[in-house]
Amino acid sequence: MSHTDPSAPVVLQATGLSKSFGDLQVLRSIDLTIRKGEVVALIGPSGSGKTTVLRSLNGLEVPDGGVLTVGDGLELDFSYPISDVHRYALRDRSAMVFQAHNLFPHKTVLQNVIEGPTVVHKVPRDRAVADARELLERVGLLEKQDAYPHQLSGGQQQRVGIVRALALKPDLLLFDEPTSALDPELVGEVLSVIKQLATEGWTMAIVTHELQFARQVADEVVFMADGVVVERGAPATFFTAPEHERTKQFLDRLLNPFG
Ligand SMILES: Nc1ncnc2c1ncn2[C@@H]1O[C@H](COP(=O)(O)OP(=O)(O)O)[C@@H](O)[C@H]1O
Ligand SMILES: [Mg+2]
């Protein structure tokens, strides 16, 4: 898509993010800038640190070093201990959509969607219900509002997961392989909802192995391996003329899995 406006406000800036688990250094000085309305696709081999990046942007993981600056001036410098107040403030700006199986099983679709707004944001229930219904309508799931998660297909569950994130009205939506747990025939309906969000101007960071999709929706593709950003660029150049050998090998393997 590549329509990022370079003068659009920065929603989130990460500089030099580092993170170790014990002796294993998982992130080594990751830099990332996400502007309003921009879609960033994070790709890379399993274990390269993509999930850890997303979790760090969302305050679920606390890096050991680096700085995160969020839109309106919230700055977290990880060389110092981070207070819970700052961590929760960070978490409040973004909403994460996980691989799958993240809905409350004993709550209906509608109850799942209004949980965050009513409990976290103290939105009055009537208001939250009205918002939730509107969002469910937009992804074609209004008639499922009283169903329980187990009564839905994996694709429908994942669309509810997306609606639940949207209901929080975050500045930034984070997706961690949103289709990788789905049967192949259900992938399309979820990707098309995400595409629709991109055209509506949502700001998003998406970890995905769906290269075709990344090419269509991303403004920037970021390729990670072994905890570093190896290469980044607009999809048109990134996919057709990657510069680094590591990138070429990765793309080759995904595009020609049987050699
Ligand atoms: N909580 C954790 N404790 C220990 N090691 C972890 C933890 N989370 C992730 N790792 C390790 O960090 C590395 C990067 O993981 P991850 O960010 O999940 O990569 P990706 O999402 O790219 O597959 C992997 O080697 C993984 O095993
Ligand atoms: Mg992962």
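Right above here is the structure, for reference.
Conventions adopted
- Residues numbered from 1 in each chain as written.
- Chains lettered and ligands numbered in written order.
- Predicted model: local features only at pLDDT ≥ 70, side-chain atom pairs only at ≥ 80, totals over all residues.
- Heavy atoms only, no water.
- Pairing = 2+ DSSP bridges.
- Helix = DSSP H or I, 4+ residues; strand = E, 2+ residues; numbered from the N terminus.
- Axes fitted to C-alpha atoms, helices over the stretch in contact; angles between N-to-C directions.
- Core = buried A, V, L, I, M, F, W, Y, C linked by side-chain atoms within 4.5 Å.
- Buried < 20%, exposed > 50% of the residue type's maximum accessible area, 1.4 Å probe, protein only.
- Contact = heavy atoms within 4.5 Å.
- Near = heavy atom within 4 Å.
- Polar contact = N/O pair within 3.5 Å; in protein donor to acceptor, adjacent residues only side chain to side chain.
- Areas by Shrake-Rupley, 256 points an atom, 1.4 Å probe, with all protein chains shown as cover.
- Nonpolar A, V, L, I, M, F, W, Y, C, P; charged D, E, K, R; others polar.
- Right-handed = clockwise from strand over helix to strand, strands pointing away.

### Points about the sheet that holds strand β8 (residues 204-207)
No. 1: Reading across from one edge, β6-β7-β8-β3-β9-β10 is the order of the six strands in this open sheet, with mixed pairing throughout. Each of the sheet's edge strands pairs with one partner strand only, and the pair in question is β6 (94-97) and β10 (228-233). Taken over all neighbouring pairs, the strand axes of this sheet differ in orientation by 20 degrees on average, direction set aside.
No. 2: Examined bridge by bridge, strand β7 (residues 172-176) and β8 share four bridges and lie parallel to one another.

### Comments concerning the nonpolar core
No. 1: Within the largest apolar cluster, 39 residues are counted, with the highest numbers of intra-cluster contacts made by I162, L173, F175, I194, L197 and M204.
No. 2: Put simply, the parts of the chain that give this core at least two residues each are β6, α3 (109-120), α4 (125-138), α5 (154-166), β7, α6 (184-199), β8 and α7 (211-217).
No. 3: No other element matches the eight residues that α6 contributes to this core.
No. 4: Not counting residues within four places of it along the chain, the set of residues in contact with L197 comprises I162, L166, L173, F175, W202 and M204.
No. 5: If you look at the next biggest cluster of nonpolar residues, it comprises 27 residues, including L27, L54, V70 and V222.

### Overview of the sheet that holds strand β5 (residues 74-77)
No. 1: Taking strand neighbours across the sheet as the criterion, the four strands line up as β2-β1-β4-β5 in an open arrangement whose pairing is antiparallel. Both outer strands of the open sheet, β2 (24-35) and β5, are each paired with one neighbouring strand and no more. Adjacent strand axes in the sheet meet at a mean angle of 10 degrees, parallel and antiparallel pairs treated alike.
No. 2: Where strand β1 (residues 10-21) and strand β4 (residues 65-70) come together, five bridges link them in antiparallel fashion. By the bridge assignment, L12 is partnered in β4 with V70.
No. 3: The strands touched by helix α1 (residues 50-57) within the sheet are β1, β2 and β4, with β2 carrying the most contacts at an inclination of about 60 degrees.

### Details of the site of ligand 1
No. 1: Around ligand 1, a shell composed of F21, L24, V26, P45, S46, G47, S48, G49, K50, T51 and T52 is seen.
No. 2: Between G47 and ligand 1, the recorded distance is 2.7 Å, taken from a backbone N or O atom to an oxygen atom.
No. 3: Side-chain polar atom of K50 to an oxygen atom of ligand 1: 2.8 Å apart, as the coordinates give it.
No. 4: Protein chains bury 59% of the 560 Å² of accessible surface belonging to ligand 1 in isolation.
No. 5: Among the secondary structure elements, those contributing two or more residues to the shell around ligand 1 are β2 and α1.
No. 6: Here the element with the most residues in the shell around ligand 1 is α1; it accounts for three residues.
No. 7: Residue composition of the shell around ligand 1, by class: four nonpolar, six polar and one charged.

### Concerning the pairing of β8
No. 1: Burial of the side chains of β8 extends over both faces: M204 and I206 are buried on one face and A205 and V207 on the other.
No. 2: As paired elements, strand β3 (residues 39-43) and β8 share four bridges and run parallel to each other. Across the sheet, V40 pairs through a bridge with A205, a residue of β8.
No. 3: The β-α-β motif built from β7, the intervening α6 and the parallel element β8 has right-handed crossover chirality.

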